[in-house]
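Geometric and topological summary
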Amino acid sequence: METVDTDILIIGGGIGGLTLAAICQQLGIHCRVLERTPTLKPVGAGISLAPNALRLLDQLGLYPELLAMGQKVHKIQINRNQERWNTLDWTLVEQNFGYPILSMERHAFHRLLYRVAGGGKTVVMDCKVQDIIDDPAENFVTVVTNSGKQLRGRLVVGADGIRSITRRILAGKANDKTANTIRYTGRVHMSGITSPLSHLGENEKGVANWMLYDDSILTTWSCPDNRQWFIGAKMATDISTPKDKNRSVWAGTTPETVKEAYGNEVHPFSKNGKLGDIVDESERVLASDVFEEVAFPSMAKGRVALLGDAAHSMTSFFGQGGCQAIEDAAVLADLIQEQVLSPGIGFSKLTHQEVSNMLLVYSQRREKRVQDLARFSSNFALLHTANLPYGTGGFIRALVYSYLPSWAWMWYLRWLYGTQPTVTGLENTKLNTCTYK
């Protein structure tokens, strides 16, 4: 490939980076994924995939496997302590938007993406990035690793998460103070995924529970075989468990850590009425401080683009972090298909300015949507935790959650689930018939 090692260098082997690599595999684009961790280990507990992400994954031919490894969400039960406020018919999501909400173990989805992205032939593990050199006089961008190795690509995509080294390098070169503008929300998330709960039956499959407690909130999502993925949010001041203040993810989290915060809370799926019984069945638990973006950087600079949490970290209150990374990958890949592959130009013939212009278009197409989503997620967190201004949180939350019917939720969510980016040139024969294009 002349003076380059690959067409696209992707920094970060998370959901967004692997999705982009999987698209590249099908489009015939040469890429390499540089992942800083030495092995592919389980990260997180569960994940929700919504219609706005599932359409692209369907294009990649993954939808049948996702249906097999995931659980469709049929309904959401909204509970205030022991009182049932409302039950939402979540089958309407699939009826309105062509795809359901799927809940599954996060690592299972991660492993699937790793495989379709090319596995070890594409992903370079234990590869920590130290510098990125985008010299307009060269027809490549150089990525320097901490071992001193230099890798060259036609363009670089930073998909390396909330504490992105790509973003920090770009900001440092531009003397930009927005390198790290994520803000601690004051909340702690505790989550986990259980083994199959044998006391639950068919009636509980696909049922999610939103639990609104006096000093915290917690949601549980049904995964295959009645495994439960739970995630709770609580103010850090209400948790006595000590932690390492230099880490976002708490080290050494155990089920007892979670039970100290939530063990005595009620839950309708618990065998004995207390959430601690569910936590005891956990296969994996974790706790982490919750951060969100406050000053969004440009998603592109020169021949370097940002993707996923590296550009637009958001709270997980509506489960859109991974979905937005998948949307990013779809939009970027579609631009490459449109401006490089379809005209038959080839990366080698593009000038520095042409690649920069393409990535600028990517940035313009994505920035408003992801910033709107981050603000929505932040505002939904305030509603969910009843922390709205002027002491109105409890009243407004009760009003919305008790009386807003399922069809009204579908009407409102059109802006979110109705946008379903796809990539021209991918195999389309397995796409579902979808209301929104």
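Just so it is clear, the structure is predicted and the values come from calculations on it, not from any experiment. (Residues numbered from 1 in each chain as written. Predicted model: local features only at pLDDT ≥ 70, side-chain atom pairs only at ≥ 80, totals over all residues. Heavy atoms only, no water.)

Here we come to the layout of surface pockets. One number sums up the size of the second largest pocket: a volume of about 240 Å³. Contributing to the lining of the second largest pocket are Phe318, Phe376, Asn379, Phe380, Leu383, Leu388, Val400, Leu404, Ala408, Trp409, Tyr412 and Leu413. Where the lining of the second largest pocket is concerned, the elements lending two or more residues are helix H11 (352-384) and helix H13 (406-412). No other element matches H11, which puts four residues into the lining of the second largest pocket. Of the residues belonging to the lining of the second largest pocket, the class tally is 11 nonpolar, one polar and no charged. (1 Å grid on protein atoms, 1.4 Å probe; cavity = no way out; pocket = protein on both sides within 12 Å on 5 of 7 lines; lining within 4 Å. Points joined across faces, edges and corners; volume = space filled by probe spheres on them. Helix = DSSP H or I, 4+ residues; strand = E, 2+ residues; numbered from the N terminus. Nonpolar A, V, L, I, M, F, W, Y, C, P; charged D, E, K, R; others polar.)

Quick look at the sheet that holds strand E5 (residues 75-80) now. With respect to topology, seven strands assemble into an open sheet ordered E6-E5-E13-E14-E15-E12-E16, the strand pairing being mixed. At either end of the open sheet lies a strand with only one pairing partner, and these are strand E6 (83-89) and strand E16 (282-293). Going across the sheet, the axis of each strand differs from the next one's by a mean of 15 degrees, ignoring polarity. Across six bridges, the pairing between E5 and strand E13 (residues 207-212) is parallel. Each residue of the ladder has a partner; that of Ile78, found in E13, is Trp210. (Pairing = 2+ DSSP bridges. Axes fitted to C-alpha atoms, helices over the stretch in contact; angles between N-to-C directions.)

So, about the domain arrangement of the protein. Domain parsing of the protein yields domain 1 (6-70 + 102-182 + 295-397 + 406-435) and domain 2 (183-292). With 28 residues of domain 1 at the contact, the number on the domain 2 side is 26 residues. Summing both sides of the interface, domain 1 and domain 2 together bury roughly 2100 Å²; the carbon and sulfur share of this comes to 61%. Our count for the domain 1 to domain 2 interface comes out at one salt bridge. (Domains from an automatic or database assignment. Contact = heavy atoms within 4.5 Å. Buried area = accessible area lost by both parts, 1.4 Å probe. Salt bridge = Lys/Arg side-chain N within 4 Å of Asp/Glu carboxyl O.)

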